[in-house]
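Notes for the structure review
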Amino acid sequence: MKMIIGGRHVDASDGRTSEVVNPATGQVVDTVPEATLEDLDRAIALAVEGQKEWAAVPLHEKTAVLERYAQLVTEKENVEKIARLMCEEGGKPIEQCRTEVYANAAIFRIYNAAAYTFYGKTLPYNGEPRSQGDVAFTIHEPLGVFANIVPFNYPVELAAHKLAPMLVTGNSVVLMPSGKTPRSAVVLVELLHEAGAPVNAVSCVTGRGSVIGAAAAGDSRVAAVSFTGSTEVGISLADTCAKALRPVSLELGGNDPLIIFDDCDFELALSEAVNGRVGNAGQTCCASKRFIVQRGIYRRFVSELAERLSKLKVGDPLDPTVELGPCVRESSARDVEEQINHTIRQGGRLVCGGKRNGAFVEPTVIEAAKDTDIARDMEVFGPVWPVIPFDTEEEALEIANQTMYGLSSGVITSDMKTAMRVANNVQAGACIINGSGNYRLAHQPFGGYKYSGVGREGAVCTLEEMTQQKMISLKGILN
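Structural notes, computed from the coordinates. (Residues numbered from 1 in each chain as written. Predicted model: local features only at pLDDT ≥ 70, side-chain atom pairs only at ≥ 80, totals over all residues. Heavy atoms only, no water.)

Turning next to empty space enclosed by the protein. In this approach, a probe sized like a water molecule rolls over the atoms, and the result shows the empty space that is left. For the coordinates displayed, the defined rule picks out 4 cavities of 30 Å³ or more. Roughly 60 Å³ of internal volume is contained in the largest cavity. As for the largest cavity, its lining consists of M86, G90, K92, F152, N153, P155, T181, N280, Q283 and V328. Taken together, N255, D256, P257, R290, A400, T403, Y405, G406, L407, S408, Q427 and A428 make up the full set of residues lining the second largest cavity. Secondary-structure elements contributing two or more residues to the lining of the second largest cavity are β12 (256–260) and β19 (405–406). Of the residues that constitute the lining of the second largest cavity, the class distribution is 5 nonpolar, 5 polar and 2 charged. (1 Å grid on protein atoms, 1.4 Å probe; cavity = no way out; pocket = protein on both sides within 12 Å on 5 of 7 lines; lining within 4 Å. Points joined across faces, edges and corners; volume = space filled by probe spheres on them. Helix = DSSP H or I, 4+ residues; strand = E, 2+ residues; numbered from the N terminus. Nonpolar A, V, L, I, M, F, W, Y, C, P; charged D, E, K, R; others polar.)

The next point concerns the pattern of salt bridges. Across all of its chains, the model carries 34 salt bridges by this definition. Across the salt bridge formed by R16 and E34, the nearest N and O atoms sit 3.7 Å from each other. Of this pair, R16 sits in the loop between β2 (8–10) and β3 (17–21) while E34 sits in the loop between β4 (28–33) and α1 (37–55), and the two are 18 residues apart along the sequence. Put simply, E34 and R208 hold a salt bridge, and the shortest N to O gap is 3.2 Å. With E34 in the loop between β4 and α1 and R208 in the loop between β9 (202–204) and α8 (209–217), the pair connects residues that are 174 residues apart, well separated along the chain. What makes E34 buried here is its relative accessible area of 11%. Judged by its relative accessible area of 49%, R208 is partly exposed. Through salt bridges with shared partners, one network takes in D30, R84, E88, E89 and R183. (Salt bridge = Lys/Arg side-chain N within 4 Å of Asp/Glu carboxyl O. Buried < 20%, exposed > 50% of the residue type's maximum accessible area, 1.4 Å probe, protein only.)

What follows concerns the packing of aromatic side chains. Evaluated as defined, the whole model comprises 4 aromatic pairs. Ring centres 6.1 Å apart and planes at 85° place the aromatic pair F152 and F381 in the edge-to-face group. Taken together, the residues F152 in the loop between β7 (145–149) and α5 (157–161) and F381 in the loop between β17 (364–367) and β18 (384–390) connect sequence positions 229 residues apart. Assessed through its relative accessible area of 19%, F152 is described here as buried. Where F261 meets F390, the ring centres are 5.3 Å apart and the plane angle is 80°; that geometry is what we call edge-to-face. (Phe/Tyr/Trp six-rings, centres within 6.5 Å; stacked < 30°, edge-to-face > 60°.)

Right, dumping it as structure tokens:
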């Protein structure tokens, strides 16, 4: 498959490609261009021109184009095509892939709707003596060219968050998908062009993020960068952007706590613990990754969690009955395996799982002490359930907050006063009461505290970040 620049499917300027591997089989399923800096330069140059063209299109016409795109994406043939590409290259179970395609369209429609209530403000004309007789108001203008980097784990849903708000506000986008899961992004851009988006206003450049992502962040023609991925890379991009005072939105890592109290609905807690982690083989930034359980139910919870996980169907992600597929690459699974072994070396007790077969990691439960790395800053991107005991509410919050991350969180209890105290004191961008922190609505301001990122994504706030405000004053118009 080729990348798309200027509406054309093109190879890299030097002809180099990278392989796309099916993690379930280890087989190469395709190749994509490994873009050069020359390719990136061309995409950005065209995006500068495309942004001017797209910004001049009236809002009602922009939203019509984006609605046509949403209709195209959800045509059955396209749903199946995109879902299969995702499943093959990422290992995500096929039903989860189909759900993600529909989520992409829903996100575009939600941002379309938000754009119609994205108003400017009229400022007080008599707020101070020197403004008597003036009428001042604000308008929103697009920033320009966005360089947007999408991760491997949700390549279609997160592409929507990297396309819809930018496009509906009149920006252009150079979309850079993960080298592990690039092909679905190519198809999305094809459908945007088919729907009527100017070919220069959105492109898809494939290749190494360390090359093209870093270069785009430092390019003077790029107005802003939006990145979802690792904290390490996010810090590097922020450093590059800071040198030019370039806005950057970062949605980064998380080691999200799920606090479960003795008085909880036990079946609910067990279901949320499983369902909040098992999707996409645990490779979700806001999935619960630390299960902090009060001692009164701790032993029962560990035992029944292991039993529940033993019943999961693990296997070929193209099988619609499979619940747990592989990690995105065998190297990723090896990293998870080493994290499991590291936790055991630190005194953790392996309850079940712990083995790896290629890119597949068994669903794993580990009892861990609160001073282990996995209970603090070691984010495990795989199907691992570390369970950590606590006695008091204060201790639970201490464990929950003893991490450099703060993306999402959850608390399960029958006492709403306890729940509200936890929600107000946990250091995270979201807290879900009686549910896992693996929860994201297209409207909510999604993002985290501390090293989990900068900025928020969501229809209630993102359009502000996609634009700059201009104040216009009619001086003395009322005199």
